[in-house]
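An overview of the molecular structure
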2 protein chains.
Amino acid sequence: MKTHTESEENYIKALYHLGSDNPVSNGDLAQRIGAKGSSVTQAVKRLSQKNLVTVVPYKGVQLTKEGILLAKSILRKHRLWETFLVDTLGFGWDQVHPLAEQLEHVQSEELVERLSDFLGTPKHDPHGDPIPERNGQMPPVLGEPLGAFAKGHTIKVVRVEDAGSEFFDQLDAMNINLGNTYDVEAISSFDASVQLKSPSGHTIWLSKSMSANIYAVHA
Amino acid sequence: MKTHTESEENYIKALYHLGSDNPVSNGDLAQRIGAKGSSVTQAVKRLSQKNLVTVVPYKGVQLTKEGILLAKSILRKHRLWETFLVDTLGFGWDQVHPLAEQLEHVQSEELVERLSDFLGTPKHDPHGDPIPERNGQMPPVLGEPLGAFAKGHTIKVVRVEDAGSEFFDQLDAMNINLGNTYDVEAISSFDASVQLKSPSGHTIWLSKSMSANIYAVHA
DNA sequence: CTTTTAGTTTAGGCAAAACTAAAAATTATT
DNA sequence: AATAATTTTTAGTTTTGCCTAAACTAAAAG
């Protein structure tokens, strides 16, 4: 696999995130990257010359098969590094994203594989997101949003969506972590807020915007 | 501490390596960096605008106090990552340099300090080179070249100079590692080659060019 | 004391990657 | 359908960092 610039890799990542099936608009991509539309036009031109994307002017950009594979390999690195930072170095799960963004650009197949081995070939990162495998296969995306469960069920938190540091602060304040189990006490039909009871007996109220970013399975 | 480009950091590193006390010539720096002299002239101009070096045209470049501190912080990262790669991920000591060159550019004070803690705040890297401390203090440079010891003494290998992959291959072939002890059986006054006996009774002959890159202390 | 040589700097280009401003194409609205 | 609003592209700049070629400096050789 050839080597790519960080900028290229960032565009590939962004495209993958915005959907690897449907074409992505210049504007959406610009917003996600944090650049102006004109810069994006130039960038995707460069990417298409490397066969990482196909561009239809005025219509949109789409990753090629090669581009998708590259995206997954970057995501693999990103999520393995996040796992390392949390599990091995003791960072908080709200701190690791910007660091992983730097580490994911380090080029070395062997490093990635050794890291994966060292971590025990994890299938999911500290946020519960699936870590792509060497071959590009994706482990399952875990859980459903809390709102999908019915009153009376016991659930286990398995994933949280990265919704900014305030979200994580809130989770920490409520002592909510992956693996925690709760009884669903109520789900408001009015504002979709959720009421949980922890095994220690504490009751937790979650707003809709909180609960929508928390995913769980039946315990 | 401000943030610097990788190119800048590479120049700072090179300058430090070529000697932080005496001024360095454009040519030496160019060779070390792997760029042309003209590129170096421009680069050091940029660096001097950031107060990282002082330049006297046609005479030479020298790191400022600020530059030396930056150099040490990069070296600290480099050597901590090398330690991690060897001790934690099981890389060979001959493999880690290019990887550490990438990892050393990751910007995060906290990451460095957590890494150091995780590794047990090592003072020397897998080659026996001193790891600068947070404050810039340098642990001792270990050992003397094998040729400095006299016949009959028992010595312990504590450091090897990075002299390319063939050198490391040779060390591996001879099973020479940091911490190994040997008896000095002979030092040739003719070609400065060295003859060692390992505890297991094997005798090893080292050419001058080999022994000059191997450092030891009295065991 | 001039000339040659080695080393350094300037000058001018090129590529990547960003920007602004203006033109063109698309989509939405009367 | 015609016009307005939005989006995208083009065109021209900027910065970083490299290059080659030409000019310059300093030191060594004649």
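Everything in this summary refers to the structure shown in the same document.

The side chains of a regular strand alternate between both faces of the sheet. Residues and elements named next belong to chain A. Relative to strand β8 (residues 214-218), strand β3 (residues 144-145) runs antiparallel, the two sharing two bridges. Bridge assignment links Pro-145 to a residue of β8, and that residue is Tyr-215. Across five bridges, the pairing between strand β4 (residues 154-160) and β8 is antiparallel. Directly across from Arg-159, in β8, lies its bridge partner Tyr-215.

As a further point, take the packing of aromatic side chains. As enumerated under the stated definition, the model contains eight aromatic pairs over all chains in all. When the ring of Phe-167 of chain A is compared with that of Phe-168 of chain A, the centres are 5.8 Å apart and the planes differ by 55 degrees; the resulting orientation is tilted. For the pair Phe-167 of chain A and Phe-168 of chain A, a shared accessibility class is recorded, and that class is buried. Each ring, one from Trp-93 of chain B and one from Phe-168 of chain B, has its centre 5.6 Å from the other, and the planes form 55 degrees; the classification is tilted. Here the residue Trp-93 of chain B occupies a position in the loop between α4 (65-88) and α5 (96-103), and Phe-168 of chain B occupies one in helix α7 (residues 165-173), the gap between them amounting to 75 residues. The pair Trp-93 of chain B / Phe-168 of chain B is uniform in exposure class, with both members buried. Grouping aromatic residues by their ring pairs yields a cluster made of Trp-81 and Phe-84 of chain A together with Trp-81 and Phe-84 of chain B. In this arrangement the basic side chain of Arg-159 of chain B is found over the ring face of Tyr-215 of chain B, its NZ or CZ atom lying 3.9 Å from the centre.

About the thresholds
Residues numbered from 1 in each chain as written. Chains lettered and ligands numbered in written order. Predicted model: local features only at pLDDT ≥ 70, side-chain atom pairs only at ≥ 80, totals over all residues. Heavy atoms only, no water. Pairing = 2+ DSSP bridges. Helix = DSSP H or I, 4+ residues; strand = E, 2+ residues; numbered from the N terminus. Phe/Tyr/Trp six-rings, centres within 6.5 Å; stacked < 30°, edge-to-face > 60°. Buried < 20%, exposed > 50% of the residue type's maximum accessible area, 1.4 Å probe, protein only. Lys NZ or Arg CZ within 6 Å of the ring centre and 35° of its normal.

None of the figures reported here should be taken as evidence of function without further support.
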